[in-house]
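Listed below are the residues making up each chain.
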Amino acid sequence: MPSALPLLSTAKRTARRAGITRAGVAAARMCCERNALALREKHRVRARILCYHSVGTPEWGINDVAPARFERQLRLALEEGWRFVPATAIADGSAGPGTLAVTFDDGVSTVLAKAAPILREFDIPFAVFVVSEWADGHHDFGEGTILDWRGIETLAAMGAEIGSHSLDHPNFRGLNGDAALEQLARSREVIAARTGIDARTFAIPFGQSGNWTEAAQQAAHAAGYTAVYAQAEETRFPGTVPRTFVTRFDGDRIFRAALGGAFDRWEEWF
Ligand SMILES: [Zn+2]
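Residues numbered from 1 in each chain as written. Predicted model: local features only at pLDDT ≥ 70, side-chain atom pairs only at ≥ 80, totals over all residues.

**Student:** Could you give an account of the nonpolar core, with specific residues and numbers?
**Tutor:** V111, V128, V130, I162, V228 and Y229 are the most contacted members of the largest nonpolar core, which totals 73 residues. Excluding residues within four positions of it along the chain, V228 makes contact with F202, I204, Q217, A220, T240 and V241. (Core = buried A, V, L, I, M, F, W, Y, C linked by C-beta atoms within 7 Å. Buried ≥ 20, exposed ≤ 12 C-beta atoms within 10 Å, placed from the backbone. Contact = placed C-beta atoms within 7 Å.)

**Student:** I'd like to hear about the pairing of strand β5 (residues 161-164), residue by residue, with values.
**Tutor:** Here β5 shows two buried faces, one formed by E161 and G163 and the other by I162 and S164. Where strand β4 (residues 126-130) and β5 come together, four bridges link them in parallel fashion. Its bridge partner being in β5, A127 is matched across the sheet by E161. (Helix = DSSP H or I, 4+ residues; strand = E, 2+ residues; numbered from the N terminus. Pairing = 2+ DSSP bridges.)

**Student:** Which residues make up the environment of W212, and what values do they have?
**Tutor:** When you line up the elements, W212 lands in the loop between β6 (201-203) and α9 (214-222). Sequence spacing of W212 and A230 is 18 residues, and the spatial spacing of their C-alpha atoms is 8.8 Å. Non-local contacts of W212, meaning those with residues more than four positions away in its chain, are made with F172, I204, Q217, A230, F237 and T240.

**Student:** Outline unusual backbone geometry, supporting the account with residue identities and numerical values.
**Tutor:** Trans is the common state for peptide bonds, and a negative phi is the common state for residues other than glycine. The backbone of D106 shows a phi angle near 90 degrees, a positive value even though the residue is not glycine. As for its position among the elements, D106 is in strand β3 (residues 99-106). Among the residues examined, D106 registers 25 C-beta atoms within 10 Å and is labelled buried. At F206, a position not held by glycine, the phi torsion is positive, near 70 degrees. Position of F206 relative to the elements: it lies in the loop between β6 and α9. Taking the number of C-beta atoms within 10 Å as the measure of exposure, F206 has 20 and is therefore buried.

**Student:** Go over the packing of helix α5 (residues 110-122) against helix α7 (residues 149-157), please, and point to the residues and values.
**Tutor:** Packing of α5 against α7 brings their axes to within 10 Å, and their N-to-C directions diverge by 20 degrees. As judged from the angle between their axes, α5 and α7 are roughly parallel. In this structure, α5 meets α7 at a crossing whose hand is left-handed. Residues V111, L112 and A116 of α5 form the contact with α7, whose participating residues are G151, T154 and L155. Here the residues of the contact of α5 with α7 sort into four nonpolar, two polar and no charged. (Axes fitted to C-alpha atoms, helices over the stretch in contact; angles between N-to-C directions. Parallel < 35°, antiparallel > 145°, perpendicular 65-115°, else oblique. Left-handed = near helix turned anticlockwise from the far one by under 90°. Nonpolar A, V, L, I, M, F, W, Y, C, P; charged D, E, K, R; others polar.)

Have a look at this one:
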């Protein structure tokens, strides 16, 4: 639609002048989407795995949840009768309906500093999926943002399940089978070498259905993983385990709707 282009570029120039960034516009759009979808709550009672990232790391963006809100969400779920179980119990089908699990992607430091004490207070099990190169210190995030291996061992000693989130967080869509196997198998080896932990589960970086392939799914089995965690129930790649992403926009109403299944067809898209 060429006729729309001048209008679009004018809008872009105006946005730039006003200091509106692309990420800011996307975040606003995502916030609107979650609010709108929350109105279509389905009230399903089933097992559900929540996916968090950081708890009190605002620079982590839309995936950061403030500690007070995180605590409030756990309390709200308990008040509504959900029972927390390990994610693996939901992945292998042994947990019944009405069960909920907590997982964290990326290995951000506030999982240990802020989330773990709250989870311990409520006696809630949780899993953390770490990026092995990041834990080795190879990343551009600020100092102290990402957990090092000592921090990961501390979480494991508290009872957290430690899984892999790849070597360096690639989009598996662009990887062939060999490269996918390298990411999957090598990250598992590095976790074992650094901590002695046998990581049996894997969370897909970015986690959208478009971030995974049949070759990657086969490589995950070849690397010995028992579960591959993805995003939405109804859009996930076949054979993967669905999770419900929680974003920084999720106040009580949206969180309740998420528990009820309002986002089972929705994928976080940036
Ligand atoms: Zn990630």
